Amino acid sequence: MVSDQARADAATLIHDVYSALAARVTTSILGQDRVIEQSLVCLLAGGHLLLEGVPGVAKTRLAKSIAAAFGGEVRRIQFTPDLLPSDLLGAEVPQDGGFAFLPGPIFANVVHADEINRGMPKTQSAFLEAMEEKQVTVVSQRAPFPLSPPFFVVATENPIEHEGAFPLPEALLDRFLMRVEMGYPDARTEAQVLRTEDLRDNAHSAVVSRDQVVAVHESVGLIEATDEVCAYIVRLVQATRDRANGLTHGASPRAGKGLLAVSRVHAAIQGRTHVSVDDVKAFARPSLAHRVIAAVGSSRSAAGEAIDRLLKSVPSGAQPSAGT
């Protein structure tokens, strides 16, 4: 039984860490407050982020700014068709008459996988174990290599360029807690960007520690989610599996768990110790749309639009029991 004080302490920790990170990141990323909020909620919920946007809208800067804000090591990997799994994970090199494992760029706190859809499916899939288990297995080694927490993958996609790109496999998409669309800034913000001479990140400007981020991960589960809220998430996720709703492939149980986690973080940053249905609705589209498949021939935005329709049609209140 979790005490009210434990819930309050958890909510305060999550709120304070989020507020510090958001204040820091918004100094170098202008006009993208909603994207920053979603990205930081994803980080604090312990998930991974798929960031979609055209070149030049500060996707790389966002990944670097988040890492700088908690003093994390960040590594950027430029995906190309000739990139190999060993280029990500590491390789064995000769040493003292034998072999030693040389860790790859995946051994960082924030891994920026730039244009991940340009990598071959085999290379994309090299992320699976790392993202789910927070470890890397090398065939010749007896035990897997753990990744230092926090471990946060920020993968980027260019939505308008398809030549030389490979669709992400469903198994990999399901490992991303959220997919966030990063669009163009408005005219006022873009003018401010032009007038601002230096928005470079300062590697020494961490406002929270890595340990604090890890502590948040361990505290998220203390935020209360009632049976009613959990039942609503289940109804929403199960509705995505109904072909009558315009989807040919629905969300997995992992999607429901992820949606609950981000809803708990959102509740805490709003100053509450319990999750509301509104928290769930606020993050349903970025948490579910990339995990479902719309009917063949549908527009690129069809999956997200289907989730929006379900948010309007799936009842959010308590359901009557059988026989009543």
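Here the residue index of a chain counts from 1 through its sequence in written order. The model is predicted, so local features are restricted to residues of pLDDT at least 70 and side-chain atom pairs to those at 80 or more, both for listing and for counting; the totals for chains, interfaces and linings are taken over all residues. Processing note: side-chain calculations cover all non-hydrogen atoms of the structure and skip hydrogens and water entirely.

Chemist: It is not clear to me how the overall build of the protein chain should be interpreted in this structure. Could you clarify?
Modeler: Each helix corresponds to a stretch of at least 4 residues labelled H or I by DSSP, and each strand to a stretch of at least 2 residues labelled E; elements are numbered beginning at the N terminus. Scanning the protein chain for helices and strands turns up 13 helices and 11 strands. Each radius of gyration reported is based on C-alpha atoms, and the globular scaling rule is 2.2 Å times the count of residues to the power 0.38. Taken against the 2.2 N^0.38 rule, which gives 20 Å for 324 residues, the C-alpha radius of gyration of the protein chain at 20 Å falls within 12% of a compact globule. Projected onto its principal axes, the C-alpha coordinates of the protein chain cover approximately 75 × 50 × 45 Å. Under the scheme applied here, a residue whose accessible area is under 20% of the maximum for its type counts as buried, over 50% as exposed, and between as partly exposed, the area being computed with a 1.4 Å probe on protein chains only. Here the protein chain holds 324 residues, and 48% of them are scored as buried. Restricting to contacts in the protein chain with at least 6 residues of sequence separation, those with at least 24 account for 78%. Seen as two clouds, the 31 positive and the 37 negative side-chain charges of the protein chain have centres 3 Å apart. Contact definition: two residues touch when any of their heavy atoms are within 4.5 Å. Note that His is not counted, nor are the chain ends; the positive residues are Lys and Arg, and the negative ones are Asp and Glu. Charged groups are reduced to one reference atom each: NZ for lysine, CZ for arginine, CG for aspartic acid, CD for glutamic acid.

Chemist: It is not clear to me how the sheet that holds strand β8 (residues 152-157) should be interpreted in this structure. Could you clarify?
Modeler: Pairing between the strands of a sheet is mediated by backbone hydrogen bonds and can be parallel or antiparallel. Two strands pair under a simple rule: DSSP has to find at least two bridges between them. Overall, parallel pairing links the five strands, which are arranged β2-β5-β8-β1-β9 in an open sheet. If you trace the sheet from one side to the other, it starts and ends with β2 (74-78) and β9 (178-181), each paired once. The sheet shows a mean angle of 20 degrees between the axes of neighbouring strands, direction not considered. Pairing analysis gives four bridges linking strand β1 (residues 49-52) to β9, with the strands arranged parallel. Opposite L49, over in β9, you have M178 as the bridge partner. Axis angles are defined between N-to-C directions and span 0 to 180 degrees, where every axis is a line fitted to C-alpha atoms and, for a helix, only to the segment in contact. Sheet strands in contact with helix α2 (residues 33-44) are β1, β8 and β9, and its direction is about 165 degrees off that of β9. Sitting on the sheet, helix α3 (residues 59-69) touches β1, β2, β5 (110-114) and β8, and the angle it makes with β5 is about 175 degrees.

Chemist: Sorry if this is basic, but what is going on with the packing of aromatic side chains here?
Modeler: Two rings from Phe, Tyr or Trp (for Trp, the six-membered ring) form a pair when their centres are within 6.5 Å of each other. A pair whose planes differ by under 30 degrees is stacked, one over 60 is edge-to-face, and the rest are tilted. Scanning the entire structure with this criterion turns up four aromatic pairs. Ring geometry for F79 and F127: centres 5.9 Å apart, planes at 25 degrees, overall stacked. You can see F79 sitting in the loop between β2 and α4 (85-89) and its partner F127 sitting in helix α6 (residues 127-133), a full 48 residues away along the chain. Grouping residues by exposure puts F79 and F127 together as buried. In our convention, an over-ring charge means Lys NZ or Arg CZ found within 6 Å of a ring centre and within 35 degrees of that ring's normal. One Lys or Arg, R34, reaches over the ring of F283 and ends 5.0 Å from the middle of that ring.

Chemist: I tried to follow the pairing of strand β3 (residues 90-95) on my own but got confused; where do I start?
Modeler: In regular strands, side chains alternate between the two faces of the sheet. Across six bridges, β3 lies against strand β4 (residues 98-103) in antiparallel orientation. Paired with G90 across the strands is P103, a residue of β4. Where β3 folds back onto β4 in an antiparallel hairpin, the turn is made up of two residues, including D96, whose phi is positive at roughly 50 degrees.

Chemist: Mind showing me how you'd approach the pattern of salt bridges here?
Modeler: Pairs may arise between side chains of opposite charge once their charged atoms sit close together. Salt-bridge detection follows one rule: a side-chain nitrogen of Lys or Arg within 4 Å of a carboxyl oxygen of Asp or Glu. Inspection of the entire model under this criterion finds 10 salt bridges. The salt bridge involving D279 is made with R272; its shortest N-O contact spans 2.8 Å. The exposure class assigned to D279 is buried, which follows from its relative accessible area of 1%. The partner of D308 in a salt bridge is R285, with the nearest N and O atoms 2.5 Å apart. Of this pair, D308 sits in helix α13 (residues 302-313) while R285 sits in helix α12 (residues 277-288), and the two are 23 residues apart along the sequence. Several salt bridges converge on common partners, so that one network encompasses E132, D174, R175, R254 and R291.

Chemist: How do you make sense of the pairing of β1 when you look at a structure like this?
Modeler: Taking every second residue as pointing to the same face, both faces of β1 are buried, with L49 and L51 on one and L50 and E52 on the other. Sheet analysis places β1 next to β8, joined by four bridges and oriented parallel. Among the inter-strand pairings, L51 is bridged to a residue of β8, identified as T156.

Chemist: Looking at this structure, how should I read the side chain of Q32?
Modeler: Relative to the elements of secondary structure, Q32 occurs in the loop between α1 (4-25) and α2. On the basis of relative accessibility, which here comes to 8%, the residue Q32 falls in the buried class.

Chemist: In this structure, what is going on with the confidence of the model for the protein chain? I would like to understand it.
Modeler: Note that predicted coordinates carrying low pLDDT should not be read in detail. In this model, the protein chain carries a mean pLDDT of 90, and residues with pLDDT of at least 70 account for 93%. Confidence of the prediction at every residue is given by pLDDT, a number between 0 and 100. This stretch, residues 320-324, has a pLDDT under 50; its non-local contacts, to residues over four places away or in other chains, come to zero contacts.

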